[in-house]
Amino acid sequence: MREILRRTRRFIPLLGLLLLTGLAVACGGTDSGGQAADGMAAVDKTADLVYVNWAEGVAYTNLAKVILEDDLGYDVTLTAADVAPAYTAVAQGDKDAFMETWLPVLHKDYVDRFKDQVVDLGHVYEGTQSGLVVPSYVTIDKISELPQHGDQFDDEIIGIDAGAGIMKTTEQLIDDYGLDYDLVSSSGPAMTAALKKAVDSDEWIVITGWKPHWMFGRWDLKFLDQDADKTMWKTGNIHIMGRLGLREDKPELAQFLESYFFTDAQLSDLMLAIREADDPETAAREWKNEHPDLVATWLPEKS
C-alpha cells in the first residue's frame, strides 16, 4: 500500500502541469514565439510614432494617439524629434511612422535619401502654403502692391526666427520685388502677438505666414498673391511616412494612418483647440468626442 501511495504522489505534479497546459490552450494563450495557441499570429497592438514639435504635428499626432488608444485598443508611444533623426529612426525600423513630411519641397532631400527605406502612407493634409499674410480687411491682394503702401505697414514685414526657411525666402523676395521693407526677426509667438494687436485695432500688418496654422482658425487672413515670374512659394501636402514592413506587421495601424486626413477647416479647428488647452492630449480627446462621424471615417473596417 505504501508503494502505491508513493507512486501516486510522484504523478500528482505532472497531472497538475498537464491540466494547466490544457487550460492555456483552451483560453487561447500564446507560445514564446508570439504565436497564439491555435496557430494564429498574435496581433501587435502597439504604435511608436515620431513627430516634429510643430503646431500642426503636435495637434494631429496627439489626436491619433487618443483614437488608437480609445477606439482601437493600442498602446501608443509618441516621440518628438528633429526631422533628420525622425527619418533615420523610421528608416532603421526603430519607429513605426514619421507623422509630418512636407512635400514636394521642404523635405524632398530626406525623401530622396530614404526613399528605399520608408513607405509613403499618403497625405494627412493637402494645400500647405507659405508666403506673406495680411488681415482680410487690408485692401491689397498682391505682393507687388506693397511698395505703394509702405507707410501703412510701417515699412516692416514681421517674421519669425532668423534661421527659418520662410525667413530666407522672404529675404530673397524682398530683393526680387525691390521692396524697401525691413524683415523683422522675432519668433512664432511674437509674430502672432503682433498680428493679434494689429487685428484688434484694425491696423495694417504683413507677416510671414504658413498654412496649416491655428491663426487661420482665429482670424480672417489672406495670402498676398505672387507674380507669376517671381514665385517663391508653392503649395504642397503633408505626408505620413512608415517603416518598411509596417503594412505587413501592423496592417490595422497602417490602414488607420492611410485614412487619416484633415480638411483645412478641420485641422485649423483642432489646432486652435489644442493651442488654447493646458494639455494637448486632453484637448485632443475632447475634440475626438465632439467629432465622432469624422473619426469613424478613419477607423479600419472590421473583417
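These numbers were taken from a predicted model, which means no experiment stands behind them.

*Asks:* Just to check I follow, could you spell out the overall build of the chain for this structure?
*Replies:* Looking only at helices and strands, one finds twelve helices and nine strands in the chain. Burial status across the chain gives 41% buried among its 303 residues. Expressed as a percentage of contacts within the chain between residues at least 6 apart in sequence, the contacts between residues at least 24 apart total 78%. Accessible surface, the chain as shown: approximately 16200 Å² in total, 50% of it carbon and sulfur.

*Asks:* It is not clear to me how the confidence of the model for the chain should be interpreted in this structure. Could you clarify?
*Replies:* Segments scoring low in pLDDT should not have their predicted coordinates read at a detailed level. In this model, the chain carries an average pLDDT of 87, and 86% of its residues clear a pLDDT of 70 or more. Scored below 50 in pLDDT, residues 1-34 shows twelve contacts in the model against residues more than four places distant or in partner chains.

*Asks:* Can you walk me through the nonpolar core in this structure?
*Replies:* Side chains of nonpolar character tend, in soluble globular proteins, to be buried together. Core analysis: the biggest nonpolar cluster contains 78 residues, and Leu63, Leu257, Tyr260, Phe262 and Trp298 have the highest contact counts within it. With residues near it in sequence (within four places) discarded, Leu257 still touches Leu49, Ala97, Met99, Leu121, Ile240 and Leu246. Among the nonpolar cores identified, the runner-up in size contains 13 residues, and Val50, Val111, Phe114 and Met241 belong to it.

*Asks:* Looking at this model, I keep getting lost on the packing of aromatic side chains. Mind explaining?
*Replies:* Aromatic ring pairs are described here by two measures, namely the spacing of the ring centres and the angle between the planes. Summed over the entire model, instances satisfying the criterion amount to 15 aromatic pairs. The interplanar angle of 5 degrees and the centroid separation of 5.3 Å between the aromatic rings of Tyr87 and Tyr110 together place this pair among those described as stacked. Here Tyr87 is found in helix H3 (residues 83-91), whereas its partner Tyr110 is found in helix H4 (residues 108-114), with 23 residues between them in sequence. Overall, Tyr110 belongs to the partly exposed group, its relative accessible area being 24%. With 5.1 Å between their ring centres and 75 degrees between their planes, Tyr260 and Phe262 make a pair best called edge-to-face. Across the pair, exposure class does not vary: Tyr260 and Phe262 are buried alike. Sitting over the ring of Tyr177, Lys230 keeps its end group 5.5 Å from the ring centre.

*Asks:* How do you make sense of unusual backbone geometry when you look at a structure like this?
*Replies:* Peptide bonds are trans in most cases, and residues, glycine excluded, mostly fall at negative phi. The residue after Leu103, namely Pro104, is reached through a cis peptide bond having omega 15 degrees. Relative to the elements of secondary structure, Pro104 occurs in the loop between strand S3 (97-103) and H4. Here the amide bond leading from Lys211 into Pro212 is cis, since omega sits at 15 degrees, within 30 degrees of zero. With respect to the helices, strands and loops of the structure, Pro212 is situated in the loop between strand S7 (207-211) and helix H7 (215-218). The phi torsion at Asp155 lies on the positive side, around 55 degrees, for a residue other than glycine. Looking at the element boundaries, Asp155 is found in the loop between strand S4 (118-135) and strand S5 (156-158).

Cut-offs used in this document
Residues numbered from 1 in each chain as written. Predicted model: local features only at pLDDT ≥ 70, side-chain atom pairs only at ≥ 80, totals over all residues. Heavy atoms only, no water. Helix = DSSP H or I, 4+ residues; strand = E, 2+ residues; numbered from the N terminus. Buried < 20%, exposed > 50% of the residue type's maximum accessible area, 1.4 Å probe, protein only. Contact = heavy atoms within 4.5 Å. Areas by Shrake-Rupley, 256 points an atom, 1.4 Å probe, with all protein chains shown as cover. pLDDT = per-residue confidence, 0-100. Core = buried A, V, L, I, M, F, W, Y, C linked by side-chain atoms within 4.5 Å. Phe/Tyr/Trp six-rings, centres within 6.5 Å; stacked < 30°, edge-to-face > 60°. Lys NZ or Arg CZ within 6 Å of the ring centre and 35° of its normal.

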